[in-house]
Each structure stands twice: as structure tokens, then as C-alpha cells.
Amino acid sequence: MKATTAKRAMITGITGQDGSYLAEMLLDKGYEVFGVVRRTSTETIERVNHIKDRLIFVQADLTDQTSVISAIDEVRPHEVYNLAAQSFVPTSWKQPILTGDVTALGVTRVLEAIRVVDKSIRMYQASSSEMFGKVVETPQTEQTPLYPRSPYGVAKCYGHYITVNYRESYGMYAVSGILFNHESPRRGLEFVTRKITDGVARIKLGTQDKLHLGNLDAKRDWGFAKDYVRAMWLMLQQDEPDDYVISSGQTHSVRDFCEAAFGHVGLDWQQHVVVDPRFHRPAEVSLLLGDHAKARAKLGWEPEVSFQSLVQLMVDADLERVQQSLDHGVRA
Ligand code: NAP
Ligand code: G4F
């Protein structure tokens, strides 16, 4: 596997939203890209199907230390992007142990694998604004104290600090990107933005009438996933390893998102959205707003896609997808 001179990147979570955009970007930069996949009974590579012939898949599971060491030893990557996680917040209350195993301890397994195979491998950890939880200051920066509000948020805090700890203990180039919510047409359908844009498309095309949502007052700092994977790469190209907040610097409520998404196709969201207590959470993160001044100054990173453009591109993509299903006689 070490025959070529190209830089090798390994991505855990390559089948997810961010993994797919990061893989595209790294291929464009001339990297050899290795994607970690776990065994499943049906294929999960839909998001990278269009580039699958240019990727090399290796099998490993973040709950299995031996498989992670073997994968890293086999590939000997220059850079590891640890994006794998149980990433859906509501599931973390239903499966808190699994969430801790994958999203928290999984990070240690990746760091341990790097430590025993080759400490010079650079590692990116996907930390999250969910760690700020019940925020103690606004906007949130790299210095803002953490106050997680879900088993997922707690697991991400562990992953964050173990990354800092391996950097400080072993001198490893291990960094955490504290990324605020980022979305795209490849976002999972269970997350609120994609649930809304998919709902808008179905309602517009007449296959659905109502959209059931939870807390419309929650505010998030939403950006475009493609902008955010660029920041991950930049973090691994610096002279010194460090942690960075990556955000849009704007906050909007779920209600604002509904208004923009329904409005884009000429619909009134209030005629279709139903508040449903089934989607309320045991503990909520009410407001997230990130300050990415450090990333702007040190990485030269800026988001390129605005909130309005993000909403519109997601609605347009879902309209096209739902229309195509209808054209093929499949009720979307
Ligand atoms: P996602 O779409 O949910 O993708 C998660 C990935 O993790 C999938 O490829 C999944 O593989 C993989 N995975 C789950 N359990 C695994 C295990 N035990 N072993 C190996 N792989 C496993 O997540 P995303 O939105 O791309 O986010 C990427 C990362 O950034 C995650 O760590 C997330 O927590 C973090 N993050 C995301 C955001 C955001 O707004 N998107 C913000 C901050 C941080 P399968 O396909 O096999 O399930
Ligand atoms: O889209 P969400 O499920 O994303 P959430 O919980 O903010 O988590 C996402 O962002 C984190 C970064 O801060 C990541 F680390 C994490 O992996 C994930 O990508 O929910 C956003 C907000 C919440 O306040 C939720 O209560 O939308 C509210 N909401 C209202 N109705 C809903 C719904 N969320 C979902 N999923 N479904 C609803 O029907």
C-alpha cells in the first residue's frame, strides 16, 4: 500500500456527510484517499458512490482496537481524519453506552493506534459545538468553558480532551476542530435542516402535507459542509498543532430555517409545520453562535456560503431528488 509518492489520507466516517466532501477535496489535491468502513448487511457508500473507484476502502470499526491499529499499520497514512461517530444527538439518550464507546473511546483507539504505529502521523478530531451545550458565554470561542447537555456532547468533550492530552503527553500532531452545525444536500434526513428541506420538497410536489418538528426556538450557527471540510485540511497543514472554532458567525432559529425553506418555493411554513412533543429533547441546547476569528487569522479560513444560499441549495437539491423519484414512479 506504500508504493506511490502521493500523500496518503485516511478518513474514518467516509460514508458520512463530511467524509464524502473531504474525500472529494483530498482527491482533487492529489492525495491517495483511504476510507474506513465497517461491515454492514447492506452497503452504506451511497454518498461516495460517484468516487468509489478512486478510493481505497479498509475495514475497521471504532469499537475494535485491533482493527483500527491494523488499518493504520496497513495504510501508513500521513494524515488521519477521525470523523466517525454516533453523531445524532437524540440517539445518544437511547444508546448512551454505544455513543460513549464510539464517539468518546473511539477517539482514544485512533490516537493509540497512531501512537503505537507511527507518532508522526497527523490526526484531526471532529469536535463539536454541542460541547458548549448550555452556553456560558456568547459567542463561543476556543476558550469558552464546556457544558454539554447530551450523552453525545459529553462523549465529544472526552474526545476533545483526550486529543489535547495525547498532543501534550506524546508530542503528537493531534488537533481538534470545534465545528458548529454544518449542512448540505448530503445531510442525514433525521437532522432538522434536511428534515425540513426534504419536507418542503414533498409538500411542494404534493406527496405530503404536514411536517412534524420539535423545538422551533432552538438557535444554531449553520454553515455549509463543503466550506467546513476545507478547514479540517488547513488545520493539518500548520507548523504547530492547535484547536480551532469553525462557524458561520451567525445564528438562526429552526423557525427562521422553516420560513426561508418554505418561502423559497412560495409556501407559508405556518400552514404546514406541526409542533410535535415527540421531537423535544430531555435537555436542549438553546443557542449556539461561534466566533471563528482565530481560524480566520491563523488559517485564513472564511465560510463562503451564506445561510440563505445554504437553505436554497438544500431545498433545490431535495426538489430535484423527489421529482426524479416521482418521474420513475416511486412515491418519495
Ligand atoms: P455522519 O453523517 O453521521 O457520519 C458518521 C460516520 O461515522 C459514518 O460514516 C458512519 O458509518 C461512521 N461510524 C459510526 N459508527 C462507527 C463505528 N463504530 N466505526 C466506524 N465508523 C463509524 O456525521 P457527519 O455529519 O459527517 O459528521 C462527521 C463528524 O463530525 C462526526 O464525528 C460528528 O459527530 C462531527 N460533527 C458534525 C457536525 C455537523 O454539523 N455535521 C458538527 C460538529 C461535529 P456508517 O455509514 O457505517 O454508519
Ligand atoms: O439538526 P439537529 O438534530 O442537530 P444538533 O442536535 O444541533 O446536532 C448536530 O450538530 C452538532 C454540532 O453542534 C453535531 F455535533 C451533531 O453531530 C449534529 O450534527 O438539531 C438542531 C436543533 C435542536 O435544537 C433540535 O431540538 O433543531 C431542533 N429540532 C426541532 N425539531 C429538531 C427537530 N431536531 C431534529 N433532529 N428533528 C426535529 O424534528
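The structure contained in this document is the topic of the report that follows. The shown structure was predicted, so the numbers you read here are calculated from the model rather than taken from an experiment.

**Some remarks on the side chain of Ser-184**
Here's step 1: You can see Ser-184 is positioned in the loop between β7 (182–183) and α6 (192–204).
Here's step 2: With relative accessibility at 0%, the residue Ser-184 sits in the buried group.
Here's step 3: At 2.9 Å, the side chain of Ser-184 forms a polar contact with the backbone nitrogen of Arg-186.
Here's step 4: Discounting residues that sit within four places of it in the chain, Ser-184 has contacts with Gln-17, Tyr-21, Arg-194, Phe-224, Ala-225 and Met-314.

**Examining the site of ligand 2**
Here's step 1: In the region of ligand 2, 23 residues are neighbours, and Ser-128, Ser-129, Tyr-152, Arg-281 and Glu-284 sit closest.
Here's step 2: Side-chain polar atom of Tyr-152 to an oxygen atom of ligand 2: 2.7 Å apart, as the coordinates give it.
Here's step 3: Arg-220 is positioned with one of its side-chain polar atoms (N or O) 2.8 Å from an oxygen atom of ligand 2.
Here's step 4: Bound to the protein, ligand 2 loses 95% of the 720 Å² it would expose on its own.
Here's step 5: Its residues assigned to classes, the shell around ligand 2 shows 10 nonpolar, six polar and seven charged.
Here's step 6: Mapping the shell around ligand 2 onto the domain boundaries places at least three of its residues in each of domain 1 (8–182 + 222–246) and domain 2 (187–220 + 252–283 + 306–323).

**Examining the pattern of salt bridges**
Here's step 1: Applying the stated criterion across every chain yields a total of 18 salt bridges.
Here's step 2: Because the salt bridges share partners, they merge into one network encompassing Arg-194, Asp-198, Arg-202, Asp-318 and Arg-321.

**Some points on the site of ligand 1**
Here's step 1: Inspection of the region around ligand 1 gives 24 residues, with Thr-15, Asp-18, Arg-38, Ser-87 and Tyr-152 positioned closest.
Here's step 2: Contacts to ligand 1 include Leu-83, whose backbone N or O atom sits 2.9 Å from an oxygen atom.
Here's step 3: In this structure, Ser-87 approaches ligand 1 through a side-chain N or O atom, which is 2.6 Å from an oxygen atom.
Here's step 4: Taking 900 Å² as the accessible area of ligand 1 by itself, protein coverage stands at 89%.
Here's step 5: Contributing elements (two or more residues each) for the shell around ligand 1: α1 (17–28), β5 (122–128) and α5 (151–170).
Here's step 6: With three residues, the single largest contributor to the shell around ligand 1 is β5.

**Comments concerning α5**
Here's step 1: Between its first and last C-alpha atoms α5 spans 28 Å; for 20 residues at 1.5 Å apiece the expected length is 28 Å, and the two agree.
Here's step 2: Contacts made by the buried residues of α5 are with α3 (89–94), α4 (96–117), β5 and β6 (174–179).
Here's step 3: At the exit of α5 stands Gly-171, carrying a positive phi of roughly 70°.

**Details of the sheet that holds strand β4 (residues 79–82)**
Here's step 1: On the basis of which strands lie adjacent, the open sheet formed by seven strands has the order β3-β2-β1-β4-β5-β6-β11 and parallel pairing. Lying at the two open borders of the sheet, with one neighbouring strand each, are β3 (55–59) and β11 (244–246). For this sheet, the mean inter-axis angle between neighbouring strands, taken without regard to orientation, is 25°.
Here's step 2: Contacts from α4 reach β4, β5 and β6, with the element oriented near 170° to β5.

**Some thoughts on the pairing of β6**
Every other side chain in a regular strand lies on the same face of the sheet, so the side chains alternate between the two faces.
Here's step 1: With respect to burial, β6 is a largely interior element, six of its six residues being buried.
Here's step 2: Every second residue of β6 is oriented toward a common face, with Ala-174, Ser-176 and Ile-178 on one face and Val-175, Gly-177 and Leu-179 on the other, all of them buried.
Here's step 3: In terms of strand pairing, β5 meets β6 through six bridges, oriented parallel. Bridge assignment links Ser-127 to a residue of β6, and that residue is Ile-178.
Here's step 4: Of the pairings in the sheet, the one linking β6 to β11 comprises three bridges and is parallel in character. The partner of Gly-177 across the bridge, within β11, is Tyr-244.

Rules and cut-offs
- Residues numbered from 1 in each chain as written.
- Chains lettered and ligands numbered in written order.
- Predicted model: local features only at pLDDT ≥ 70, side-chain atom pairs only at ≥ 80, totals over all residues.
- Heavy atoms only, no water.
- Helix = DSSP H or I, 4+ residues; strand = E, 2+ residues; numbered from the N terminus.
- Buried < 20%, exposed > 50% of the residue type's maximum accessible area, 1.4 Å probe, protein only.
- Polar contact = N/O pair within 3.5 Å; in protein donor to acceptor, adjacent residues only side chain to side chain.
- Contact = heavy atoms within 4.5 Å.
- Near = heavy atom within 4 Å.
- Areas by Shrake-Rupley, 256 points an atom, 1.4 Å probe, with all protein chains shown as cover.
- Nonpolar A, V, L, I, M, F, W, Y, C, P; charged D, E, K, R; others polar.
- Domains from an automatic or database assignment.
- Salt bridge = Lys/Arg side-chain N within 4 Å of Asp/Glu carboxyl O.
- Expected span 1.5 Å × (residues − 1).
- Pairing = 2+ DSSP bridges.
- Axes fitted to C-alpha atoms, helices over the stretch in contact; angles between N-to-C directions.

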